[in-house]
Amino acid sequence: MIKAHNPAVLISFDYCDRLSDPIIERTLPWVDVGFFSCHDESDAFVKQFLQDKVQRGMKLAVATFGEKGSLAWDGKVWTACGIYPAGKVVNTVGAGDSYIAGFLSGLLRNEPIDECMRIGSRVAAQVVSVFEPWVTEES
């Protein structure tokens, strides 16, 4: 289980694909779980990148690879997860945000990291299979 800096608060940050943005350095000491979208980077780069972020303050660093799954580093153990099969991919808008929401819902229920990743993958698969993932009120 990831222990937050403040036990009453869990701070996560979605850095998207901005792997060199200065905000990463400014927020490292306060972020418990960092999410990074890593579509084109090599495995060696991603592993070194995630290790660096945890060594310098994050409790857990997670890289997502779209249809190639995700990888997490907690400072001790690497955890990899594939994707959850989507019936038909219609629209990928919101897939990353949905993954993060599912992941964090598991983490807040004290699920192990591998289960958090599976939950995130399932939620993302549901979102990419609908055309309009935004929740709207009907007229």
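Residues numbered from 1 in each chain as written. Predicted model: local features only at pLDDT ≥ 70, side-chain atom pairs only at ≥ 80, totals over all residues. Heavy atoms only, no water.

A.B. asks: Looking at this model, I keep getting lost on the overall build of the chain. Mind explaining?
C.D. replies: For the chain, the count of helices and strands is 4 helices and 5 strands. Starting at the N terminus, the α and β elements of the chain follow one another as β-α-β-α-β-β-β-α-α. Going through the 139 residues of the chain one by one, you find that 41% of them count as buried. Looking at the chain alone, contacts between residues at least 24 apart form 53% of all its contacts between residues at least 6 apart. (Helix = DSSP H or I, 4+ residues; strand = E, 2+ residues; numbered from the N terminus. Buried < 20%, exposed > 50% of the residue type's maximum accessible area, 1.4 Å probe, protein only. Contact = heavy atoms within 4.5 Å.)

A.B. asks: Can you walk me through a nonpolar patch on the surface in this structure?
C.D. replies: A surface patch of nonpolar side chains, about 290 Å² in accessible area, is lined by Val9, Ile11 and Trp30. By the secondary structure assignment, Trp30 is in the loop between helix H1 (22-27) and strand S2 (33-37). A relative accessible area of 54% places Trp30 in the exposed class. (Patch = residues over 30% accessible without salt bridge, like charges linked within 9 Å, V, L, I, M, F, W, Y side chains within 5 Å. Areas by Shrake-Rupley, 256 points an atom, 1.4 Å probe, with all protein chains shown as cover. Salt bridge = Lys/Arg side-chain N within 4 Å of Asp/Glu carboxyl O.)

A.B. asks: Explain the packing of aromatic side chains to me, please; I cannot follow it from the model alone.
C.D. replies: Here the distance between the centres and the angle between the planes together describe a pair of aromatic rings. Under the criterion given, the structure shown has 7 aromatic pairs. When the ring of Phe13 is compared with that of Tyr15, the centres are 4.2 Å apart and the planes differ by 20°; the resulting orientation is stacked. Above the ring of Phe49, the side-chain terminus of Lys53 is found at 4.4 Å from the ring centroid. (Phe/Tyr/Trp six-rings, centres within 6.5 Å; stacked < 30°, edge-to-face > 60°. Lys NZ or Arg CZ within 6 Å of the ring centre and 35° of its normal.)

A.B. asks: Looking at this model, I keep getting lost on helix H3 (residues 95-108). Mind explaining?
C.D. replies: Every α-helix carries 3.6 residues per turn, so stepping three or four residues along brings you back to the same face. Counted at 1.5 Å a residue, the expected span for H3 with its 14 residues is 20 Å, and the 20 Å between its end C-alpha atoms agrees. Taken together, the buried positions of H3 are occupied by Ala95, Ser98, Tyr99, Ile100, Gly102, Phe103, Leu104, Gly106 and Leu107. In this structure, the buried residues of H3 make contact with strand S1 (12-14), S2, strand S3 (60-64), strand S4 (70-73) and helix H4 (113-128). Trailing H3 by a residue or two, Asn110 shows a phi angle of about 65°, which is positive. (Expected span 1.5 Å × (residues − 1).)

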